[in-house]
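# Reading the structure
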Amino acid sequence: MDTTTCLKSLLLAIQQYRDGRTVQHAAQLQKQVEEVSGMKCDKLLSSGQVLPSECVSGLVELAGNPNTSPDLTSSIIALLAQLACDDSSREILHSSYNLTSTLAAVIHCHNNTPEEPLVLQCLQVLQKLTYNTRIFQSTSYIHELITFLMTNIHSHNEDIVMSCLGLMANLCRDNPSVQSHIKSLDNVKPFYRTLINFLAHNSLTVVVFTLSILASLTLNEKVGEKLFDAKNIHQTFQLVFNIIVNGDGTLTRKYSVDLLVDLLKNPKIADYLTRYQHFSACVSQVLGLLHSKDPDSAAKVLELLLAMCSVSGLRSQLCDIVFRPAGPKLRAAGCKQRTGLDAGRKMEGGLALVQWLSSPVEGAESCSLQALQLLNELLEESLGAESVNECTLSFVEMLLPVLVGLLKGLDLAQGDAHVRKHCHRITHTTSLLLILSAEDATRSLVSRQVHAQLCLSQVETLLSCCHSNSPLTCLPTGSDKDLSQVCAEALLKTLELMSKLRQQVKDMETSFYRMLQDQRIVTPLSLALTSHQRDHVQTGLSLLFEATPLPDFPSLVLGESMAANNAYRQREAELSIKRVAVQDVPPLRTNASILDSSSASRSVSGLVEKMQTNLELQEQMKDSHVSEIIDVYEQKLAAFVSKESRLQDLLEAKALALSQADRLIAQYRVQRAQAEAEARKLASFLKDAERRREELQGELSNQVLEVERSKTDMEELLQHNSRLQKDSEEHQALKGAYNTLLNRFNETERLLKELQMAHISLTKHNETLRKNHETLQVQHEKVASVLEEREEDIRSLQSDLQKKNDDLSGLRAELKAEEEKVKEKNRERRELEETVDVLRKELNKTEQARKDASIKASSLELQKSQLETKLKLKEDELNKHSAMIAMIHSLSSGKMKSDVNLSL
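All residue numbers here refer to positions counted from 1 along the written sequence of the relevant chain. The predicted origin of the model limits local features to residues at a pLDDT of at least 70 and limits the giving and counting of side-chain atom pairs to 80 or more, whereas totals for whole chains, interfaces and linings rest on all residues. Where side-chain values are given, they derive from all heavy atoms of the structure, hydrogens and water being excluded.

## Let's talk about the overall build of the chain
The cut-off we apply is this: Only DSSP runs of H or I covering at least 4 residues are called helices, and only runs of E covering at least 2 are called strands; the numbering of each starts at the N terminus. Exposed residues in this analysis have more than 50% of their type's maximum accessible area, buried residues have under 20%, and partly exposed residues fall in between, with area computed by a 1.4 Å probe over protein chains only. Residue contacts follow a heavy-atom distance rule, with two residues in contact if any of their heavy atoms lie within 4.5 Å. A 1.4 Å probe and the Shrake-Rupley method give the accessible areas. Residues count as covered only by the protein chains that appear here.
Along the chain, the regular secondary structure elements total 35 helices and 0 strands. Looking at the chain residue by residue over its 904 residues, the buried ones come to 38%. Long-range pairs, those at least 24 residues apart, make up 73% of the contacts in the chain between residues at least 6 apart in sequence. Total accessible area on the chain stands at roughly 52400 Å², and carbon and sulfur atoms take up 54% of it.

Quick look at the structure:
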């Protein structure tokens, strides 16, 4: 049964169960839920289809209904947990279907029986659902869920304790509203004491959860200053690094990395880590995790290293660790020999990064992009030093072939998802190559690996991708980039790389200017010049300065495209403002049976308008909290900060344009001075020319005669010109005929190549047939020799058979003679019986003779039967030999026919 049929059956079962909650309908629904659970439903929610959306909405509604049986609710929650297989599906379940509130409502309904398996299941699914997701405290049943977690954290069930701690860590991380709510509770101090006691737990996972909660709640308070002060912080670092390296699994490693990343956001703790004496050894052990094949662990390790790169004091130490030469085992598999270095000195940490770089686009693409970002940070730091280390140069030599290999493999036929992922990787790869091309020490290494044909084919493919997609530069807020924008970023980075290497790589300059004059370059260039990101605008401007002097650059089309992009951006901004203005505030609380998916997304503008106009203030302020209002204004302040940053970017762009205008004015003044100097020089030349004219006036009369002669020559030249014109027309005709013949020649050459390929294949086929013929000839000779041997055997068998037939005829003659004798004896016996009375005296003799004759007759009968048996055996053997001879004759005749056909 396919997925669509199962989902239709599931939707029908949901509707039947809604209409009548009978035992039969419940069993049918549970059966359908189990059938869908047994199928592969990866990325079913993110497909955007209506049927899965309706099924999930119905399942979430039934799971949140307290009248649904616990077994059915457990099956539904297990199916929903199975659907949350990736980050996008978890986000859809949280935001669109409000599954978080539903599960919190289920836990609240079973608050008095926390030991039930359904409660533990809901806690585990909530922990999976809320990881790296911000949950507002205004969400339904979140306050009750927090109270449940703080109450049941003392449970004797180890699984419940671990699930409560993990869920609490998710709710508190990067969530000021939930943090402020927990801090405002009365039992927060006993809760802190309980958490501090958990630090001595024998499970590393519990310790990590506890440290994460304490870091989120107490990092900037007195309790946090005591927990993470200078005396304890080194032990905390050692504990967290040990858990990352020797943790209980991927889950523990994830939360350990998140904890260390959160701690690094505090400047004081980041400064403590820069002075941590075991930092180098710990990071080397963490880098060793990259040698495993687990993409989840590798992604978290790379996330930690990127967070460390944000601390200026740690970047140089990370460079030393990553680019450190490997041990003797890795030096054996070396690269090119360098002066003063051992052959093939590679970097143990860097080698693991290179291995994740070459991971396929599908599957572990996040690890590949993170590794590229990390190498961007580290190489920028290492190459920006006063002197480049030899270890870094050796690493760059090892890295460059891998980077060049990453630029290949873009196939537009594999779908938009593959193209998007590959374009992201091309963008990061070319950014890294641009960093390497910025320094003289590594530019020569890059120029030896990057060829003009590679960049040209890459740009051609990306241009075709940009041209085939409809480019929209301004997308709604929060949406992903358009595919044309992603391709445009990769394209501009590749062009910038070509611009950097055009003097060092053969044919790179010609290819670069040729691509800038392509009409399709307008689309990515206009996208870059109208972008919100500063680096895209700067890249577009640098390419525009290179392209403007070119004769075939489509500047007018570029201006129209930029104007269209700006108009589209302005229209989208107006529509987004209208959409925000008409939004209403959803109700603050809902029952468990009525869970609306829009309750989690509040409109800030609507809430502020309600507060200003004081409409329904008395009812709503009873359930509102100060932290919610603070959260609203925090969002407003964040919006103002983003607007201020955008204005700052615009101001910097205007300042850059002003400086460029000043530079152009200075160039104009220099050119004007040069023009004035040339004008004065031309005036002096004019005076000299006037004097020369007076001298030549006398010679003019002498030239009149020559003019007359020149007229006659001109007429002759005109006639000659007319002849040349005719020749030119004939030349054009011949040129057209030549082009036609050239096209026919190209077509003939193509057909010749095809025929040559066919000739080669037929030659190979003929060679194969010849070999088969020789093999069959050898087999025929062998069969002929075997046949001759069989014929000799048949002749010998026929002679033996003739001898046996002669013996058989002699035996038959003897048998007939004996029969005649028996008849004679019988006749005599009858005569003796008639004369018995007369010859009674001779009776004894006659009886004795009769007995002897009877004995001899019996012996002759026995001999007859034996001879008949032998005769049958000989006849059977004769039949076998005859069959064998016939078979050999048939085989030999068939082989001879096949040989004749092959030879023909």
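## Quick word on unusual backbone geometry
One non-glycine residue with positive phi stands out, namely N98, at about 55°. With respect to the element layout, N98 can be found in the loop between α5 (87-95) and α6 (99-109). The residue Y141 is not glycine, and still its phi comes out positive at about 65°. Within the secondary structure layout, Y141 lies in the loop between α7 (117-129) and α8 (142-151). Y141 gets classed as buried once you look at its relative accessible area, which sits at 15%.

## So, the confidence of the model for the chain
Low pLDDT means the predicted atomic positions in that stretch should not be read closely. For the record, the criterion: Each residue carries a pLDDT value, the predictor's own confidence for that position, ranging from 0 to 100.
Confidence in the prediction of the chain, expressed as mean pLDDT, is 80, and 85% of residues score 70 or more. Across residues 327-347, confidence stays below pLDDT 50; counting only partners more than four residues off in sequence or on other chains, it has 37 contacts. Predicted confidence is poor over residues 580-624, with pLDDT under 50, and the contacts of this stretch with residues over four places away or in other chains come to 58 contacts.

## Re the environment of Q355
As for its placement among the helices and strands, Q355 is situated in helix α21 (residues 348-357). As a C-alpha pair, Q355 and A371 span 16 residues in sequence and 9.5 Å in three-dimensional space.

## Focus: the packing of aromatic side chains
Heads up, the condition is: Geometry of aromatic contacts follows a simple scheme: Phe, Tyr and Trp rings, the Trp one being its six-membered ring, pair when their centres are within 6.5 Å, and the pair is stacked under 30 degrees between planes, edge-to-face over 60, tilted otherwise.
As enumerated under the stated definition, the model contains 5 aromatic pairs in all. Both rings, one in F209 and one in Y255, keep their centres 4.7 Å apart while their planes meet at 80°; by these two values the pair is edge-to-face. Residue F209 is located in helix α12 (residues 204-218), and its partner Y255 is located in helix α15 (residues 250-264); the two are separated by 46 residues in the primary sequence. Judged by its relative accessible area of 1%, F209 is buried. A ring pair is formed by F512 and Y513, whose centres lie 5.4 Å apart and whose planes are at 55°; its orientation type is tilted. Residue Y513 is classed as partly exposed on the basis of its relative accessible area of 22%. One aromatic cluster is present, built from ring pairs that chain together Y131, F209 and Y255.

## With respect to the packing of helix α14 (residues 233-246) against α15
Heads up, the rule is: An axis is simply a line fitted to the C-alpha atoms; with a helix, the fit covers only the stretch in contact. Between two such axes, the angle follows the N-to-C directions and lies from 0 to 180 degrees. Left-handed is the label given to a crossing in which the near helix is rotated counterclockwise from the far helix by less than a right angle, and right-handed is the label when the rotation is clockwise. Ten residue types, Ala, Val, Leu, Ile, Met, Phe, Trp, Tyr, Cys and Pro, are classed as nonpolar, four, Asp, Glu, Lys and Arg, as charged, and the remainder, Gly among them, as polar.
Contact geometry of α14 with α15 gives a least axis separation of 8 Å together with a crossing angle of 145°. Here α14 and α15 pass one another in a crossing that is left-handed. Seen from α14, the contacting residues are F237, V240, F241, I243, I244 and V245; seen from α15, they are T252, R253, S256, V257, L259 and L260. Its residues assigned to classes, the contact of α14 with α15 shows 9 nonpolar, 2 polar and 1 charged.

## Describing the state of the cysteines
The criterion, for reference: Put simply, a disulfide is two cysteine sulfurs that come within 2.5 Å.
What the rule picks out here adds up to 0 disulfides. Left without a disulfide partner, C109 is nearest to the cysteine sulfur of C122, which lies 9.8 Å away. Classification of C109 by relative accessible area gives partly exposed; the value is 42%.

## A look at helix α17 (residues 279-288)
Here is the rule: Note that the arc is defined by the directions from the helix axis to the C-beta atoms.
Inspection of α17 places F279, C282, V283, V286 and L287 among the buried residues, and these make up the whole buried set. Mapping the buried residues of α17 onto a view down its axis gives an arc of 140°, with all of them on the same face.

## Details of the nonpolar core
Test applied: Each nonpolar core is a collection of buried residues, namely Ala, Val, Leu, Ile, Met, Phe, Trp, Tyr and Cys, held together in the definition by side-chain atoms within 4.5 Å.
M308, L403 and L495 are the most contacted members of the largest nonpolar core, which has 200 residues in total. Residues contacting M308, with those up to four places away along its chain left out, are F241, L260, L264, F279, V283, L314 and L318.

## A look at a nonpolar patch on the surface
Test applied: Within this analysis, patches are made of residues with over 30% relative accessible area and no salt bridge. Like charges are joined at 9 Å or less; nonpolar side chains (Val, Leu, Ile, Met, Phe, Trp, Tyr) at 5 Å or less. The salt bridge criterion pairs a side-chain nitrogen of Lys or Arg with a carboxyl oxygen of Asp or Glu, the two atoms within 4 Å.
Together, M714, L717 and L718 give the surface a local cluster of nonpolar side chains, amounting to about 310 Å² of exposed area. As for its position among the elements, L717 is in helix α34 (residues 626-834).

## Here we look at a negative patch on the surface
How we decide: In this count, Lys and Arg are taken as positive residues and Asp and Glu as negative ones, while His and the chain termini are left out. To locate a charge, take NZ of a lysine, CZ of an arginine, CG of an aspartate or CD of a glutamate.
On the surface, E819, E820, E861 and E868 cluster together into a negatively charged patch. Every element with two or more residues in the negative patch is listed here: α34 and α35 (843-903). With respect to the element layout, E868 can be found in helix α35.

## Looking at the side chain of D258
The criterion, for reference: Between N or O atoms, a polar contact is any pair within 3.5 Å; within protein, one atom must be a potential hydrogen donor and the other a potential acceptor, and residues adjacent in sequence are included only when both atoms are from side chains.
Mapped onto the elements of the fold, D258 is located in helix α15. At a separation of 2.5 Å, a polar atom in the side chain of D258 contacts the side chain of Y131.

## Let's talk about the pattern of salt bridges
Taken as a whole, this structure holds 28 salt bridges when the rule is applied. Note that D271 and R275 form a salt bridge whose closest N and O atoms lie 2.9 Å from each other. In this structure, the salt-bridge partner of R692 is E695, at a minimum N-O distance of 3.1 Å. Remark: E695 and R692 occur in helix α34; sequence separation between them is 3 residues, near one turn of the helix. One network of salt bridges, in which partners are shared, links R173, D174, D258, D262, K265, K300 and E303.

## Quick look at the packing of helix α22 (residues 365-383) against helix α23 (residues 390-406)
Contact pair α22 / α23: the axes reach a minimum separation of 13 Å and the direction vectors enclose 145°. For the crossing formed where α22 meets α23, the hand is left-handed. Here L372, L375, L379, S382 and L383 of α22 come into contact with α23, specifically with T392, F395, V396, L399, L403 and L406. Its residues assigned to classes, the contact of α22 with α23 shows 9 nonpolar, 2 polar and no charged.

## Observations regarding the side chain of R502
Following the sequence through the fold, R502 ends up in the loop between α27 (483-500) and α28 (508-516). A distance of 3.4 Å separates a polar side-chain atom of R502 from the backbone oxygen of S499. For R502, the side chain forms a polar contact with the side chain of E546, separated by 3.0 Å. Apart from the residues within four sequence positions on either side, R502 is in contact with M508, E509, F512, Y513 and E546.

## Things to note about the environment of F191
If you trace the backbone, F191 turns up in helix α11 (residues 188-198). Not counting the four nearest positions on each side in its chain, F191 is found in contact with M150, I153, M168, I213 and L217.

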